Amino acid sequence: MGLDNDPGMLDGHGLVDADTMRRLLAEAHRIVVTTGIRDEPSDADAQAAAAATRYVPSRKLQSLVRAGELCCTFPGCNQPVWAVDLDHTHPYDHRNPDRGGKTSERNLKPLCRFHHRIKTFGNWRDHQDDYLAVWFEAPTGHTYLGNPFTGRDLFNSLRTQPPDHPARQRLADERTARTTTHRRQLDEWDTANPPPF
């Protein structure tokens with residue numbers, strides 16, 4: 001779109017510099033993928049909630065998840081993202097889709113077929129944190145961070161904020177109270193000790 005000089009991701013090829021990407025996209029059919037962060041609910045939010053109860057993610061969601069990663073998320077695997085499966089971190093509940101395993105950006109990650117099967121049928125466990133980093137626990141009990149360098153590091157528009165949590169608000173309130181108290185104390189000291197000039 002020419003808004004910045006960030007690289008682009010071309011399925012089947014990988015990262016492409018900004019100038020080459022602009023030339024390729026000059027007359028191409030485009031789908032803009034965003035994280036969809038909005039202040040007020042919209043029809044798109046209702047559609048996303050309905051889509052979260054389906055097992056197969058929409059093409060737009062597939063593109064978003066794949067753009068957020070560069071390859072299989074299993075530690076050390078570099079299988080390209082366009083040739084991998086999208087795996088639910090919390091398993092999808094086929095009998096009652098509303099109960100768990102939503103099909104959403106926060107519950108999907110790319111895994112190559114080999115590592116997808118190891119995770120599904122082996123004794124490996126996985127977890128995604130609030131920043132969408134993927135952690136794997138080996139059968140031995142050791143924990144490994146999935147590939148630490150992701151598409152979200154390259155594409156600023158894909159960066160996500162963790163969901164609101166009551167503890168974060170409490171910490172922010174305490175920080176504000178400390179700052180206000182400290183400023184009041186400084187103002188009182190300045191009033192009691194005016195400068196000599």
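Residues numbered from 1 in each chain as written. Predicted model: local features only at pLDDT ≥ 70, side-chain atom pairs only at ≥ 80, totals over all residues. Heavy atoms only, no water.

An unreviewed UniProt entry annotates the protein chain as DUF222 domain-containing protein originating from Gordonia westfalica.

**Some remarks on the pattern of salt bridges**
Tallied over the entire structure, the rule returns six salt bridges. Note that Lys109 is salt-bridged to Asp87, the shortest N-O span being 2.6 Å. In this pair, Lys109 is assigned in strand E4 (residues 108-111) and Asp87 in strand E3 (residues 85-88), connecting sequence segments 22 residues apart. The class of Asp87 is buried, set by a relative accessible area of 5%. (Salt bridge = Lys/Arg side-chain N within 4 Å of Asp/Glu carboxyl O. Helix = DSSP H or I, 4+ residues; strand = E, 2+ residues; numbered from the N terminus. Buried < 20%, exposed > 50% of the residue type's maximum accessible area, 1.4 Å probe, protein only.)

**Description of the side chain of Asn147**
Considering the arrangement of structural elements, one finds Asn147 in the loop between strand E7 (143-145) and helix H5 (151-154). There is a polar contact of 3.5 Å between the side chain of Asn147 and the backbone nitrogen of Gly76. If near-sequence neighbours (up to four positions away) are discounted, Asn147 is found in contact with Cys71, Cys72, Thr73, Phe74, Pro75, Gly76 and Cys77. (Polar contact = N/O pair within 3.5 Å; in protein donor to acceptor, adjacent residues only side chain to side chain. Contact = heavy atoms within 4.5 Å.)

**Here we look at the packing of aromatic side chains**
Within the structure shown, the criterion is met by four aromatic pairs. For the ring pair Phe74 and Trp124, a centre distance of 5.0 Å and an interplane angle of 65° mean the geometry is edge-to-face. Taken as a pair, Phe74 in the loop between helix H3 (59-68) and E3 and Trp124 in the loop between helix H4 (113-121) and strand E5 (125-128) lie far apart in primary sequence, 50 residues in all. One aromatic cluster in this structure is built from Phe74, Trp124, Phe136 and Tyr144. (Phe/Tyr/Trp six-rings, centres within 6.5 Å; stacked < 30°, edge-to-face > 60°.)

**Observations regarding unusual backbone geometry**
Positioned with a positive phi, Leu132 is a non-glycine residue whose angle comes to about 70°. Considering the arrangement of structural elements, one finds Leu132 in the loop between E5 and strand E6 (134-137). With a relative accessible area of 3%, Leu132 lands in the buried category.

**Concerning empty space enclosed by the protein**
Under the definition given, this model contains one cavity of 30 Å³ or more. Roughly 60 Å³ of internal volume is contained in the largest cavity. Lining the largest cavity, in full, are Val65, Glu69, Thr73, Glu105, Leu108, Lys109, Pro110, Gln128, Leu132, Val134 and Arg152. In terms of residue count, the dominant contributor to the lining of the largest cavity is E4 (three residues). In terms of residue class, the lining of the largest cavity is made up of five nonpolar, two polar and four charged. (1 Å grid on protein atoms, 1.4 Å probe; cavity = no way out; pocket = protein on both sides within 12 Å on 5 of 7 lines; lining within 4 Å. Points joined across faces, edges and corners; volume = space filled by probe spheres on them. Nonpolar A, V, L, I, M, F, W, Y, C, P; charged D, E, K, R; others polar.)

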